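Given next are the chains, with one letter for each unit.
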Amino acid sequence: MGQFLPFTKQALKNLFSKPATTQYPFVERVYPERTRGHVDIKNDDCILCGMCMRSCPPGAIKVDRAGKSWSINRFDCIQCGYCVEKCPKKCLSITAGYQEPGPEKFSYKVEVPYEPPKPAAKPANIAAATKEG
Ligand code: SF4
Ligand code: SF4
């Protein structure tokens, strides 16, 4: 008889508690906090330094300085978060929501408005000395 007691206790507990499962797809799944879903960029803050591209183990990120764009192949990304850690401008983040499967790999590309600073003009006396020398 005593062996049934733990079972009865669990059965009664389950009877009066909420189910552990959800009625997907009728109930939308809420991602847990800190889910490593996909990498997002605030492209207005990007300075096209390329640190994210160099730190990405599978080479999922491409930074094109000349073309002023940043792109990621989400199918190659392993959500390790190195790019987020390395970005000096803190413009990358990993947010909830996974890349949906598809028949072909494709890149997500954004334009980056960053204008690199123009090299400062040399003071006249240094410019003249460089010419003479
Ligand atoms: S999370 Fe990792 S794999 Fe994904 S883009 Fe960033 S560095 Fe690359
Ligand atoms: S996202 Fe960050 S690390 Fe990557 S190029 Fe832009 S500023 Fe540099």
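All values derive from a computational prediction rather than experimental measurement.

Peer 1: Even after reading the chapter, I still don't get the site of ligand 2, so can you show me in this structure?
Peer 2: If you check the shell around ligand 2, you find 15 residues, and the closest are C46, C49, G50, C52 and C87. Applying the majority rule of atoms within 2 Å of the grid points places ligand 2 in the largest cavity. Across the shell around ligand 2, the residue classes break down as 13 nonpolar, one polar and one charged.

Peer 1: I'm lost on the site of ligand 1 in this one. Help?
Peer 2: Looking at ligand 1, there are 13 residues lining it, with C56, C77, C80, G81 and C83 nearest. Applying the majority rule of atoms within 2 Å of the grid points places ligand 1 in the second largest cavity.

Peer 1: In this structure, what is going on with the pattern of salt bridges? I would like to understand it.
Peer 2: Oppositely charged side chains can pair when the atoms bearing their charge come close. One pass over the structure, following the stated rule, counts two salt bridges. Notably, a salt bridge pairs E115 with K68, separated by 2.9 Å at the nearest N-O pair. A residue pair is termed long-range when its members are at least 10 positions apart, and E115 in the loop between strand 5 (108-111) and helix 4 (124-132) and K68 in the loop between strand 2 (61-64) and strand 3 (69-72) qualify at 47 residues. Among the salt bridges present, the one from K105 reaches D76, with a minimum N-O distance of 2.7 Å.

Here is what the cut-offs are and how they apply
Residues numbered from 1 in each chain as written. Chains lettered and ligands numbered in written order. Predicted model: local features only at pLDDT ≥ 70, side-chain atom pairs only at ≥ 80, totals over all residues. Heavy atoms only, no water. Near = heavy atom within 4 Å. 1 Å grid on protein atoms, 1.4 Å probe; cavity = no way out; pocket = protein on both sides within 12 Å on 5 of 7 lines; lining within 4 Å. Sits in = over half its atoms within 2 Å of the grid points. Nonpolar A, V, L, I, M, F, W, Y, C, P; charged D, E, K, R; others polar. Salt bridge = Lys/Arg side-chain N within 4 Å of Asp/Glu carboxyl O. Helix = DSSP H or I, 4+ residues; strand = E, 2+ residues; numbered from the N terminus.

Remember that the coordinates give geometry; whether it matters functionally is a separate question.
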